[in-house]
Amino acid sequence: MRIKKMEELREMGVNPYPYKFEKTHDALLLQEKYAELAMGEETNDKVIVAGRIMAYRNSGMFIDLQDVTGRIQVFCHKNRLDEQQLKVISLFDLGDIIGVYGYIRRTPRGELTINAEKVDLLSKSLLPLPEKYHGLTDKEVRYRQRYLDLIMNESTRVTLRNRSKIIASIRQYLNGLDFLEVETPMLHSIFGGAAALPFSTHHNTLNMKLYLRVAPELYLKRLIVGGLSEKVFELNRCFRNEGISFKHNPEFTSIEIYQAYADFSDMMDLTENIISYVAETVFGTLDFEYDGKQISFKGPWARRSMLDLIHDVTNVHFGELDNEQAYQEAKKLGIDVPKGANWGKIVEAVFGEKVETKLIQPTHVTHFPREISPLAREDRDNPRLTERFESFVNGWELANAFSELIDPIDQRGRFEQQMSERGAGDVEAHPMDEDFVTSLEYGMPPTGGLGIGIDRLIMLLTGSLTIRDVIAFPTLRPKTD
RNA sequence: GGGCGCAUAGCUCAGCGGUAGAGCAGCUGACUUUUAAUCAGCGGGUCGAAGGUUCGAUUCCUUCUGCGCUCACCA
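These numbers were taken from a predicted model, which means no experiment stands behind them.

The rules behind each value
Residues numbered from 1 in each chain as written. Chains lettered and ligands numbered in written order. Predicted model: local features only at pLDDT ≥ 70, side-chain atom pairs only at ≥ 80, totals over all residues. Heavy atoms only, no water. Helix = DSSP H or I, 4+ residues; strand = E, 2+ residues; numbered from the N terminus. Buried < 20%, exposed > 50% of the residue type's maximum accessible area, 1.4 Å probe, protein only. Contact = heavy atoms within 4.5 Å. Areas by Shrake-Rupley, 256 points an atom, 1.4 Å probe, with all protein chains shown as cover. Pairing = 2+ DSSP bridges. Axes fitted to C-alpha atoms, helices over the stretch in contact; angles between N-to-C directions. Near = heavy atom within 4 Å. Polar contact = N/O pair within 3.5 Å; in protein donor to acceptor, adjacent residues only side chain to side chain. Nonpolar A, V, L, I, M, F, W, Y, C, P; charged D, E, K, R; others polar. Patch = residues over 30% accessible without salt bridge, like charges linked within 9 Å, V, L, I, M, F, W, Y side chains within 5 Å. Salt bridge = Lys/Arg side-chain N within 4 Å of Asp/Glu carboxyl O. Core = buried A, V, L, I, M, F, W, Y, C linked by side-chain atoms within 4.5 Å. Parallel < 35°, antiparallel > 145°, perpendicular 65-115°, else oblique. Left-handed = near helix turned anticlockwise from the far one by under 90°. Arc of directions from axis to C-beta.

## A few points about the overall build of chain A
And then number 1: When helices and strands are counted, chain A shows 14 helices and 18 strands.
And then number 2: Dimensions of chain A along its principal axes, counting C-alpha atoms only, are 90 × 55 × 45 Å.
And then number 3: For chain A, the residues scored as buried account for 51% of the 481 residues in total.
And then number 4: The long-range fraction of contacts in chain A, counting pairs at least 24 apart against all pairs at least 6 apart in sequence, stands at 67%.
And then number 5: Of the accessible surface of chain A, which amounts to about 23,400 Å², a share of 50% is contributed by carbon and sulfur atoms.

Set out below in C-alpha cells:
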C-alpha cells in the first residue's frame, strides 16, 4: 500500500528518497525561542525544519513532526498550499520523514506550529510505526530493533545520549590532566589482566588461536614500562565469555587508567574525581536516585579495608586466621566455600556473601587478599594483603584498582601460582605471560592503575535498571523462527 | 545451567475444546484550527514451531525456539 503511494508520488515527479535537505531550525530551539509567543499570534519568521511524521490529524492539516531535539506541529492549510502540495501531503504516512518550509505561529489552542507553505518528502517509510498511545513496550523488540525503540521512546534517546555525554566528559577530564588515550590490541594471543573466561577465535593466515581481550591491563602496563607517557588510559570494549544478567553483558565498556609514580590511594582520589566531574558536568549534581535508593557521589568516599568490613558484619577477624580456621569460620557463617580454597578465596567469598550488597553509598573497599590479586602489589604492611581496592556503589563493583605489581620476580611467582590453580581446575586463573614479565624485568616505575566499569556507571547515573538499557545493541540470541 | 512466567493483527491487549476479537495503525469517505482529533464504512491473522490427546486444538499435554523475572555463575 505504501509502495503504491510511493509510485504515485514518483509519477507526480516527487522523489521519495531525495539526496539532501537544508534545514534551518530544530524543534526544541523553536519551542524555546518562541515560548513567549501568545496564543493565536502569527509571525513572518520563516523556518525550515525536517523530521519524522509522528501524528497526522484532520487529513494531514495537522502533522506532528519529530526531530532529534523534540516535536513541533505543522499546519498545512489549503489557503497556503497548491493542489500538487495538498496531493503530496495526502500521500504521507506516519513515519515518513519530511521537510517543511513555513512561518512560525501559535495556534489559538496554544500549540507552537509551523504554517507550511511548502512540504517536501525526504524519505518514504514503508512500515507502520508502533501504536501511538501505548508506544513500543515489548522489551525484545526494543532491544532487537533499537531503531524503532529510539523512534518511539524519548527515554531511550535520552539515556543513550547521556551515555555519550558521560563518556565524552570522562575523556575531557583525563585529557585535562594530560593523560594520553591509547589503543591496545583487542585480539590477544594470551588472555590476561582479569580473572575471566575469554572468547576465542582463529586467524587464518597466521593459523593461530586468538582471544578477544578480557582486559587491556597487561598491554597498558607495557606502555608505562616503555615510557610512552606517565599517564595513559584506554576507554573501550572488553569481552567476557560469561553469564548475562542485568549488570553483565558479554561485551562491555571499561576504562583502564595507569599513572606512573602513583599508588592505590591516588587512584581512590582519581576515581572520586572522575565520577564527580562527570556527574557535575552531565547532570549538574552529585546526588542520584537509583531504584528508590538515594546515592551521593560527594567525596570523600568511605575507605574501609575488606577485613574490617567483614568484621563489622560477622564479628570474625579473618586476618588472624590461617587457612583451615578461615574455612571453619566461613562454614559457620553458612558460606559455601569450595574444599581446598585458599585463604584469599575464602575471605573473598565471605565478603561477597556478607558485605557486598550492603555497600550502597560509594565505598572504596581496600586491601584485598594476595591470592586473588595476582597483578596487585603486596601491601606495604601486611604480606597477606595487597594494595588493591574496589569501589562499590549500590552493592556493585564499579571500580578496581591497585598499586601495580612492578617486581618481575614477584610477578612471575604470582603467575606460577595462577597456573597451578589453573592446573587444579580454575579456568579463570591467569595464564603465564612471559613477555609481560620480561617487560617488567626492564623496570616499570611505581604505578597506580584503575579500571572503571563504564556501563554500570552509566546505569547508576541514568537510573537504568538493566545494562541493556545503556547499551544500544545488547547481546541477544539471534531470532530464528 | 535451575526455577517461574510470557509468546494471539504492524503496535497495545482481550478471548476460548467447535479453526478468532477490541483499540490504535491501514484503506474509502466526511470534516479545514486539530493535538490519543472526530464521525461512517471496509480490509487485515499458519493464534511462536513441531509432535501428541481428541470427532475437532489457538485453547489441554510434551518437546523445541525466543523473551522476561529470578537463583547460580560472573572482580
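## Describing the sheet that holds strand E5 (residues 112-123)
Strand pairing in a sheet takes place through backbone hydrogen bonds and is either antiparallel or parallel in direction.
And then number 1: The mixed closed barrel is built from five strands, whose spatial order is E1-E2-E3-E5-E4. Ignoring which end each strand starts from, the neighbouring axes of this sheet average 50° apart.
And then number 2: In the sheet, strand E1 (residues 42-57) pairs with strand E2 (residues 62-66) via five bridges, with the strands oriented antiparallel. For Arg57, the partnering residue across the bridge sits in E2 and is Phe62.

## A look at the sheet that holds strand E9 (residues 208-212)
And then number 1: Sheet architecture is open: three strands sit in the order E7-E9-E8, paired in antiparallel fashion. The open sheet has two free edges, formed respectively by strand E7 (187-188) and strand E8 (200-203), since each of these has just one partner strand.
And then number 2: Sheet topology note: the E7/E9 ladder contains two bridges and is antiparallel. Bridge pairing in E9 places His188 opposite Tyr211.

## Here we look at the protein's contact with RNA strand B
And then number 1: In the region of RNA strand B, 49 residues are neighbours, and Met61, Arg109, His248, Glu397 and Arg468 sit closest.
And then number 2: The protein-proximal atoms of RNA strand B, defined as those within 4 Å of the protein, are 60% sugar or phosphate.
And then number 3: Asn58 places a polar main-chain atom, nitrogen or oxygen, 3.1 Å from a base nitrogen of RNA strand B.
And then number 4: The contact in question runs from a sugar or linking oxygen of RNA strand B to an N or O atom on the side chain of Glu390, over 3.3 Å.
And then number 5: At the level of elements, strand E3 (71-75), helix H4 (139-144), strand E16 (388-393) and strand E17 (396-403) are the ones that each hand at least two residues to the surface near RNA strand B.
And then number 6: Ranked by residue count, the leading element in the surface near RNA strand B is H4, at four residues.
And then number 7: Taken together, the residues of the surface near RNA strand B sort by class into 16 nonpolar, 12 polar and 21 charged.

## Some words on a nonpolar patch on the surface
And then number 1: A cluster of nonpolar side chains, contributed by Ile3, Tyr17, Leu126 and Leu127, occupies part of the molecular surface with about 390 Å² of accessible area.
And then number 2: Following the sequence through the fold, Ile3 ends up in helix H1 (residues 2-11).

## A few points about the side chain of Arg222
And then number 1: As for its placement among the helices and strands, Arg222 is situated in helix H7 (residues 217-226).
And then number 2: Using a relative accessible area of 16% as the deciding quantity, one classes Arg222 as buried.
And then number 3: For Arg222, the side chain forms a polar contact with the side chain of Asp433, separated by 3.1 Å.
And then number 4: If sequence neighbours within four positions are ignored, Arg222 has contacts with Asp433, Asp435, Phe436 and Ser439.

## Quick look at the nonpolar core
Side chains of nonpolar character tend, in soluble globular proteins, to be buried together.
And then number 1: Residues Ile170, Leu174 and Ile274 are the most contacted members of the largest nonpolar core, which totals 43 residues.
And then number 2: If you tally residues by element for this core, the top one is helix H8 (residues 264-283), at nine residues.
And then number 3: Setting aside residues no more than four positions away along its own chain, Ile170 makes contact with Leu235, Ile255, Ile274, Val278, Ile454 and Leu457.
And then number 4: Listed in part, the 27 residues of the second largest apolar core include Ala27, Val49, Val88 and Ile114.

## Structural notes on the pairing of E8
And then number 1: Both E8 and E9 contribute to a ladder of four bridges, which runs antiparallel. Each residue of the ladder has a partner; that of Ser200, found in E9, is Tyr211.
And then number 2: Remark: four residues form the turn of the hairpin made by E8 and E9, two consecutive strands paired antiparallel; Asn207 in that turn has positive phi of roughly 50°.

## A few points about the side chain of His367
And then number 1: Residue placement: His367 occurs in the loop between strand E15 (363-366) and E16.
And then number 2: Apart from residues lying up to four places away in sequence, His367 is in contact with Phe264, Ser305, Met306, Asp379, Leu385, Thr386 and Arg388.

## Comments concerning the packing of helix H6 (residues 154-176) against helix H14 (residues 454-462)
And then number 1: H14 packs onto H6 with a crossing angle of 120° between their chain directions and a minimal axis gap of 10 Å. Taken together, the axis directions place H6 and H14 in an arrangement best described as oblique. For the crossing formed where H6 meets H14, the hand is right-handed. From H6, Thr159, Asn162, Arg163, Ile166, Ile167 and Ile170 reach across to H14, where they touch Ile454, Asp455, Leu457, Ile458, Leu461 and Thr462.
And then number 2: Partitioned by chemical class, the residues of the contact of H6 with H14 number seven nonpolar, three polar and two charged.

## A closer look at the pairing of E2
And then number 1: E2 sits mainly inside the fold: five of its five residues count as buried.
And then number 2: Here E1 folds back onto E2, and the loop between the two strands holds four residues, one of which, Asn58, carries a positive phi near 50°.
And then number 3: Adjacent in sequence and paired antiparallel, E2 and E3 are bridged by four residues.

## Thoughts on helix H10 (residues 323-332)
And then number 1: Inspection of H10 places Ala326, Tyr327 and Ala330 among the buried residues, and these make up the whole buried set. Taken end-on, H10 shows its buried residues confined to a sector of 100°, consistent with a single buried face.
And then number 2: Tucked inside the fold, the buried residues of H10 contact helix H11 (343-354).
And then number 3: Residue Asp322 occupies the N-cap position of H10, its side-chain oxygen lying 3.1 Å from the main-chain nitrogen of Glu324.
And then number 4: Immediately downstream of H10, the backbone of Gly334 shows phi near 80°, a positive value.

Don't take any of this as a statement about function, it's just geometry.
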